[in-house]
Amino acid sequence: MIITALILAGLAALLHVYIFFMESLLWTTPKVRATFGSSEAEAEATKEMAFNQGFYNLFLAIAAFAGIIFHIAGQPVIGATLIFAGAGSMLLAALVLITSSPSKAGAAIKQGVFPLLAVIALIIGMTL
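Residues numbered from 1 in each chain as written. Predicted model: local features only at pLDDT ≥ 70, side-chain atom pairs only at ≥ 80, totals over all residues. Heavy atoms only, no water.

Quick word on the overall build of the chain
In step 1: Each helix and strand counted, the chain has six helices and zero strands in total.
In step 2: Each helix (α) and strand (β) of the chain, taken in turn from the N terminus, gives the series α-α-α-α-α-α.
In step 3: Over its C-alpha atoms the chain spans a radius of gyration of 16 Å, differing by no more than 12% from the 14 Å that the globule rule assigns to 128 residues.
In step 4: Partitioning the contacts of the chain with sequence separation of at least 6, the portion at a separation of at least 24 is 63%. (Helix = DSSP H or I, 4+ residues; strand = E, 2+ residues; numbered from the N terminus. Rg over C-alpha atoms; globule rule 2.2 N^0.38 Å. Contact = heavy atoms within 4.5 Å.)

If you want it as structure tokens, here you go:
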């Protein structure tokens, strides 16, 4: 079950790296504007906020990746702590999104499923 948790945490981290690229580097491009449903003017007006928000996603991904590395390197307590911090924060951010903006439930589910499953698998794996 631990291996499953590590894979799921890795998938969650990869997704959040992708979100980082969209928010911090590609925010004003037509494809990303269409993904987020924003106009060119809205994207320009929120460019700085999106840049900052993208880095939050990157830092959560780094925490999850670091947790995976520590776990594989034989430091399961450090690894689990970092995975819980990274993936747990991703999951909580998805919950905030779905409760604050129900119209964005699809996006919240997409960004929250892998972290949720990673946290559950890690809890189960640690108790076996």
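Focus on the packing of aromatic side chains
In step 1: Applying the stated criterion across every chain, the model contains five aromatic pairs.
In step 2: Judged by centre distance (5.2 Å) and plane angle (65°), the rings of Phe-20 and Phe-21 are edge-to-face.
In step 3: Take Phe-20: its relative accessible area is 9%, and that puts it in the buried class.
In step 4: Here Phe-21 falls in the partly exposed class, since its relative accessible area comes to 39%.
In step 5: For the ring pair Trp-27 and Phe-36, a centre distance of 4.9 Å and an interplane angle of 55° mean the geometry is tilted.
In step 6: Given the relative accessible area of 33%, Phe-36 is considered partly exposed.
In step 7: Connected via pairs of aromatic rings, a cluster forms that spans Phe-20, Phe-21, Phe-51, Phe-55 and Phe-59. (Phe/Tyr/Trp six-rings, centres within 6.5 Å; stacked < 30°, edge-to-face > 60°. Buried < 20%, exposed > 50% of the residue type's maximum accessible area, 1.4 Å probe, protein only.)

A look at the nonpolar core
In step 1: Residues Ala-5, Leu-6, Leu-8, Ala-9, Ile-68, Ala-80, Ile-83, Ala-87, Ala-118, Val-119, Ala-121 and Leu-122 constitute the largest nonpolar core, which totals twelve residues.
In step 2: Elements supplying a minimum of two residues to this core: α1 (2-25), α5 (76-100) and α6 (105-127).
In step 3: Discounting chain neighbours no more than four positions away, the residues touching Leu-122 are Ile-2, Ala-5, Ala-80, Ile-83 and Phe-84. (Core = buried A, V, L, I, M, F, W, Y, C linked by side-chain atoms within 4.5 Å.)

Overview of helix α4 (residues 47-72)
In step 1: With 26 residues, α4 should cover 38 Å at 1.5 Å per step; its first-to-last C-alpha distance of 37 Å lies within 8% of that length.
In step 2: Ala-50, Gly-54, Asn-57, Leu-58, Ala-61, Ala-63, Ala-64, Gly-67, Ile-68 and His-71 are the residues of α4 that are buried.
In step 3: Looking at the buried residues of α4, the elements they touch are α1 and α5.
In step 4: Once α4 finishes, Gly-74 follows within two positions and takes phi at roughly 90°, a positive value. (Expected span 1.5 Å × (residues − 1).)

Let's talk about the environment of Ala-107
In step 1: As for its position among the elements, Ala-107 is in helix α6.
In step 2: Exposure remark for Ala-107: the relative accessible area of 40% places this residue in the partly exposed category.

A few points about the side chain of Gln-111
In step 1: With respect to the element layout, Gln-111 can be found in helix α6.
In step 2: Dropping the residues within four chain positions of it, Gln-111 is found in contact with Leu-15, His-16, Ile-19, Ala-93, Ala-94 and Leu-97.

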